[in-house]
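An overview of the molecular structure
Okay, here's what each chain looks like letter by letter:
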Amino acid sequence: MAKNRHTEGVGPSQRQLRVGELIRRTLSSVLARGDVHDPELNAMSITVGEVRTSPDLKIATVYVMPLGGGGREDAIQALKRNRGELRRLIMREMTLKFAPDLRFVIDVSFDRMDETRALFQREDVRRDIEGGDESGDERGDGEPEGEA
């Protein structure tokens, strides 16, 4: 019996990454041009951060964030409502055998970046990064500076 390489925790294949990036760029351009016939969706500025595809390329999970971070649920609802039209517009510009089913979720990577940035600004973390040590051992050889 053949082993399924997708169940071993291996990352996405080059093909998945390439198709995901192609879908991301195409969807970004469709949304930026306002090709969708929904005035509510065209009024929103939506960033497409990443697209992850399933191993068989039939499902594409699209990570999106509205500009400024507000109205997240409205943006997801508008995208879901126009899923069929978006799928058709994307496939018109791409050359895939099958049009993947689009699933939209909020991209939390921007929030994580802000949290990480705030963490690096904390005084105790900054002191640890700069190498400050309470024992006075700046050289790392166990001897306080000035005594050699």
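Everything below is about the structure printed above this text.
Each value, and the rule that gives it
Residues numbered from 1 in each chain as written. Predicted model: local features only at pLDDT ≥ 70, side-chain atom pairs only at ≥ 80, totals over all residues. Heavy atoms only, no water. Helix = DSSP H or I, 4+ residues; strand = E, 2+ residues; numbered from the N terminus. Buried < 20%, exposed > 50% of the residue type's maximum accessible area, 1.4 Å probe, protein only. Contact = heavy atoms within 4.5 Å. Areas by Shrake-Rupley, 256 points an atom, 1.4 Å probe, with all protein chains shown as cover. Polar contact = N/O pair within 3.5 Å; in protein donor to acceptor, adjacent residues only side chain to side chain. Pairing = 2+ DSSP bridges. Axes fitted to C-alpha atoms, helices over the stretch in contact; angles between N-to-C directions. Core = buried A, V, L, I, M, F, W, Y, C linked by side-chain atoms within 4.5 Å.

**Digging into the overall build of the protein chain**
Secondary structure assignment for the protein chain yields 6 helices and 3 strands. Counting from the amino terminus, helix and strand elements in the protein chain follow one another as α-α-β-β-α-α-β-α-α. Residues classed as buried in the protein chain amount to 28% of the 148 residues present. When contacts within the protein chain are restricted to residue pairs at least 6 apart in sequence, long-range pairs at least 24 apart make up 58% of them. Counting every atom, the protein chain has about 10,000 Å² of accessible surface; 50% of that belongs to carbon and sulfur.

**Brief notes about the side chain of Glu 85**
The residue Glu 85 is located in helix α4 (residues 83–93) in this model. Engagement of the side chain of Glu 85 in a polar contact is seen with the side chain of His 37, the distance being 2.7 Å. Excluding its chain neighbours within four sequence positions, the residues that come into contact with Glu 85 are Asp 35, Val 36 and His 37.

**Some remarks on the side chain of Asn 82**
Here Asn 82 lies in the loop between α3 (72–81) and α4. Judged by relative accessible area, which is 9%, Asn 82 ranks as buried. A polar atom in the side chain of Asn 82 sits 2.8 Å from the backbone oxygen of Ala 78.

**Describing the sheet that holds strand β2 (residues 59–66)**
Strands sit in the order β1-β2-β3 across an open sheet of 3 strands; the sheet is mixed. Both edges of this open sheet fall to β1 (46–53) and β3 (101–106), since each of them pairs with a single strand only. Between one strand axis and the next, the sheet turns through 30° on average, direction left out of account. As paired strands, β1 and β2 are joined by 7 bridges and run antiparallel to one another. By the bridge assignment, Val 48 is partnered in β2 with Val 64. Packed on one face of the sheet, helix α1 (residues 14–33) meets β1, β2 and β3 and runs near 155° to β1.

**Digging into the environment of Ala 75**
Inspection of the secondary structure assignment puts Ala 75 in helix α3. In this structure Ala 75 comes out as buried when scored by relative accessible area, which is 0%. Separated by 34 residues in the primary sequence, Ala 75 and Leu 41 place their C-alpha atoms 7.2 Å from one another. Sequence-distant contacts of Ala 75, that is, excluding residues within four places in its chain, are made with Met 44, Ile 46 and Pro 66.

**Structural notes on the nonpolar core**
In terms of nonpolar packing, the biggest core is built from 26 residues, with Leu 27, Leu 31, Val 62, Val 64, Leu 79, Leu 86 and Phe 104 touching the most fellow members. Contributions of two or more residues to this core are made by α1, β1, β2, α3, α4 and β3. It is α1 that contributes the most residues to this core, 5 residues altogether.

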